[in-house]
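Observations on chain architecture
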Amino acid sequence: MWRKRNKFVSLLLLFALLLSGCSAQSKSAEEHTAGVFAMGTYMTLTAYGESAEEALTLSENRIKELEALWSTTDENSDIYKVNHSGGARTEVSEETAEILQFALDMAEQTGGSLEPTISPVVTAWGFISGEYNIPTDEELTDLLQNTGYEKVLLEENVVTLPDGMQLDLGAVGKGYTGDIIAELLKEQGVTSALLDIGGNIQMVGRKPDGSRWRLGIQNPFGEGSLGVLESEDGAVVTSGNYERYFIGGDGKQYGHIIDPSTGYPAESGLASVSIIAKEGRLCDALSTAIYVMGLDEATEYWKENEGFEMLLVTSENEIYLTEGIEDDFALNENFSDMEIYVITR
Ligand code: ADP
Ligand code: MG
């Protein structure tokens, strides 16, 4: 089910790169950018063409609205209300109900690798406050009692969350936002845009010159990017414990993605997971869940579920690509020692 890919740039991609390099930038659409700080991260929205400027202003406002609904700290947000409901039925907006339904569905589908109620555990490790701490086994066992997506009840737009539990849409919120903003831009007549939503990439169409977007895949072991992935109209989201971690008193590295079955940071043998799909929400949910699963489980999951591709970097310095993107990825020269394997159906 895995085969080795030629390490060097595939001929197809090389050909495409040459072509795009030669083609004169005939249609030079005007570029507009907007920077937004929201959802605890910096977002850069770049859109092209006549309707871009106004569409970006609308996008900024929309992002602020979504943040106000899903924030865990804003006392007026839907999520805050649910988290402080003491177990009572709580009405939420349609958008919150939608994203929550999606998160619960994905939690079920990934066998609980995505766990939207993992927040008490994330908090105990200090990833929210920045005051890092290694909880004891007993503490973790206790905290895990207050997690479990199957205990969350969602009926239409009414949420019932058992007292003591906490919802956090952090692992899917940015991806969902990407989908909503891409849709908004298209409605406003934008045909080419690149949204960087705190590292989540969402693309509208292709580049203004008609070629595909060229995205750097971050080196999870240090500086720079491993290579370039070509893609269009959809999303690419990467998760890894290299993004946010601390070194414990024991000298070990502890990362912010938690394995919900143990309460400990996931150590699945993967250094990073990039998911490529039409929908940002799917990419975001799966990048976190598949990081928890590890290579073997991820391979099984991909075979059983359609609609997404993955690029996995293992802790052993190898790259695994699913066959749908086999020809879309090229290693950078300084990483040419990495082996590339292709996952096939
Ligand atoms: P980021 O948002 O930092 O780019 P992710 O999309 O992978 O990265 O989301 C990770 C965040 O989600 C963590 O910071 C934590 O708050 C929360 N989280 C950690 N582990 C899980 C998990 N197994 N399921 C759902 N959310 C998680
Ligand atoms: Mg995610």
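Bear in mind that the values here come from a model prediction, so they are computed numbers and not experimental data.

Let's shift gears to the overall build of the protein. Helix and strand counts for the protein stand at nine helices and 18 strands. Rg of the C-alpha trace for the protein: 21 Å, near the compact-globule value of 20 Å for 345 residues, within the 12% margin. Projected onto the principal axes, the alpha-carbon positions of the protein cover approximately 60 × 45 × 35 Å. A separation threshold of at least 6 residues defines the contact pool for the protein, and within that pool the share at least 24 residues apart is 61%.

All right, on to the site of ligand 1 then. The environment of ligand 1 is formed by 18 residues, the closest being Glu115, Ser239, His256, Ile258 and Thr288. Here a nitrogen atom of ligand 1 and a backbone polar atom of Ser113 are 3.0 Å apart. For ligand 1, an oxygen atom lies 3.0 Å from a polar atom in the side chain of Arg244. When ligand 1 is considered free in solution it has 560 Å² of accessible area, and contact with the protein chains removes 92% of it. Each residue belonging to the shell around ligand 1 can be placed in one class, and the counts come to seven nonpolar, five polar and six charged.

What follows is about the coordination of the magnesium ion (ligand 2). Taken together, the protein donors to the magnesium ion (ligand 2) comprise Ala171 (O), Asp284 (O), Asp284 (OD) and Thr288 (OG1), at separations of 2.2 to 2.6 Å. Of note, the magnesium ion (ligand 2) draws all its donor residues from one chain, in the sequence arrangement A-x112-D-x3-T. Of this pair, Ala171 sits in the loop between strand S6 (158-160) and helix H7 (173-187) while Asp284 sits in helix H8 (residues 280-293), and the two are 113 residues apart along the sequence. Overall, Asp284 belongs to the buried group, its relative accessible area being 5%.

Domains assigned within the protein are domain 1 (1-19 + 212-345), domain 2 (32-72 + 170-207) and domain 3 (80-167). Distance between the C-alpha centres of domain 2 and domain 3: 26 Å. If you look at the interface, domain 2 gives 10 residues, while domain 3 gives 10 residues. Between domain 2 and domain 3, roughly 860 Å² of surface is buried when both sides are summed, and carbon and sulfur atoms account for 65% of that area. Among the residues domain 2 hides against domain 3, the three largest losses belong to Thr72, Val172 and Tyr176. Together they make up 53% of the total. For the pair domain 2 and domain 3, the interface holds one salt bridge. In this structure, Arg62 and Glu95 form a salt bridge, with 2.3 Å as the shortest nitrogen-oxygen distance. Linking domain 2 with domain 3 are three residue pairs in polar contact (both at pLDDT 80 or more), by the criterion used here.

Despite not being glycine, Glu156 has its phi angle at roughly 55°, a positive value. As for its placement among the helices and strands, Glu156 is situated in the loop between strand S5 (153-155) and S6. When its relative accessible area of 75% is taken as the criterion, Glu156 is described as exposed. Positive phi values are uncommon outside glycine, yet Asn317 reaches one of about 75°. Its location among the elements puts Asn317 in the loop between strand S15 (309-314) and strand S16 (318-322).

Turning to helix H9 (residues 295-304), its buried residues number three or more, namely Leu295, Ala298, Thr299, Tyr301 and Trp302. Viewed along the axis of H9, the buried residues span an arc of 165°, placing them on a single side of the element. For H9, the exposed residues set more than 90 degrees away from the buried face come down to Asp296 and Glu304.

Okay, the sheet that holds strand S9 (residues 213-218) next. Sheet strands line up and pair through hydrogen bonds in the backbone, either parallel or antiparallel. Pairing in this open sheet of three strands is antiparallel, and the strands run S9-S10-S17 from one edge to the other. Looking at strand neighbours, the two that pair on one side only are S9 and strand S17 (329-331), the edges of this open sheet. Strand-to-strand twist across the sheet, computed as the mean angle between neighbouring axes with direction ignored, equals 25°. With six bridges connecting them, S9 and strand S10 (residues 225-231) associate as antiparallel partners. What sits directly across from Leu215, in S10, is Leu229.

The next subject is the environment of Leu45. Looking at the element boundaries, Leu45 is found in strand S3 (residues 41-48). Put simply, Leu45 and Ala193 are 148 residues apart on the chain and 7.6 Å apart in space, counted from C-alpha to C-alpha. Apart from residues no more than four positions distant in its own chain, Leu45 is found in contact with His32, Thr33, Ala34, Val36, Leu56, Ser59, Ile63, Leu194 and Leu195.

This next bit is on the packing of aromatic side chains. For any pair of aromatic rings, geometry is given as the distance between the ring centres together with the angle between the planes. This structure, assessed with the given rule, holds 12 aromatic pairs. On the numbers, 5.8 Å between centres and 55° between planes, the contact of Phe127 with Phe246 is tilted. Pair noted here: Phe127 is in the loop between helix H5 (119-124) and helix H6 (137-145) and Phe246 is in strand S12 (residues 245-247), with a separation of 119 residues, a long-range link. The same class applies to Phe127 and to Phe246, which are both buried. An aromatic cluster is present here, built from Trp125, Phe127, Tyr132, Phe246, Tyr254 and Tyr264 joined pairwise through their rings. Over the aromatic face of Tyr176 sits the side chain of Arg281, whose NZ or CZ is 4.5 Å from the ring centroid. Against the face of Trp302 rests Arg345, its NZ or CZ located 3.8 Å from the ring centre.

Thresholds applied
- Residues numbered from 1 in each chain as written.
- Chains lettered and ligands numbered in written order.
- Predicted model: local features only at pLDDT ≥ 70, side-chain atom pairs only at ≥ 80, totals over all residues.
- Heavy atoms only, no water.
- Helix = DSSP H or I, 4+ residues; strand = E, 2+ residues; numbered from the N terminus.
- Rg over C-alpha atoms; globule rule 2.2 N^0.38 Å.
- Contact = heavy atoms within 4.5 Å.
- Near = heavy atom within 4 Å.
- Polar contact = N/O pair within 3.5 Å; in protein donor to acceptor, adjacent residues only side chain to side chain.
- Areas by Shrake-Rupley, 256 points an atom, 1.4 Å probe, with all protein chains shown as cover.
- Nonpolar A, V, L, I, M, F, W, Y, C, P; charged D, E, K, R; others polar.
- Donors = N, O, S within 2.8 Å, 3.2 Å for Na, K, Ca; no water.
- Buried < 20%, exposed > 50% of the residue type's maximum accessible area, 1.4 Å probe, protein only.
- Domains from an automatic or database assignment.
- Buried area = accessible area lost by both parts, 1.4 Å probe.
- Salt bridge = Lys/Arg side-chain N within 4 Å of Asp/Glu carboxyl O.
- Arc of directions from axis to C-beta.
- Pairing = 2+ DSSP bridges.
- Axes fitted to C-alpha atoms, helices over the stretch in contact; angles between N-to-C directions.
- Phe/Tyr/Trp six-rings, centres within 6.5 Å; stacked < 30°, edge-to-face > 60°.
- Lys NZ or Arg CZ within 6 Å of the ring centre and 35° of its normal.

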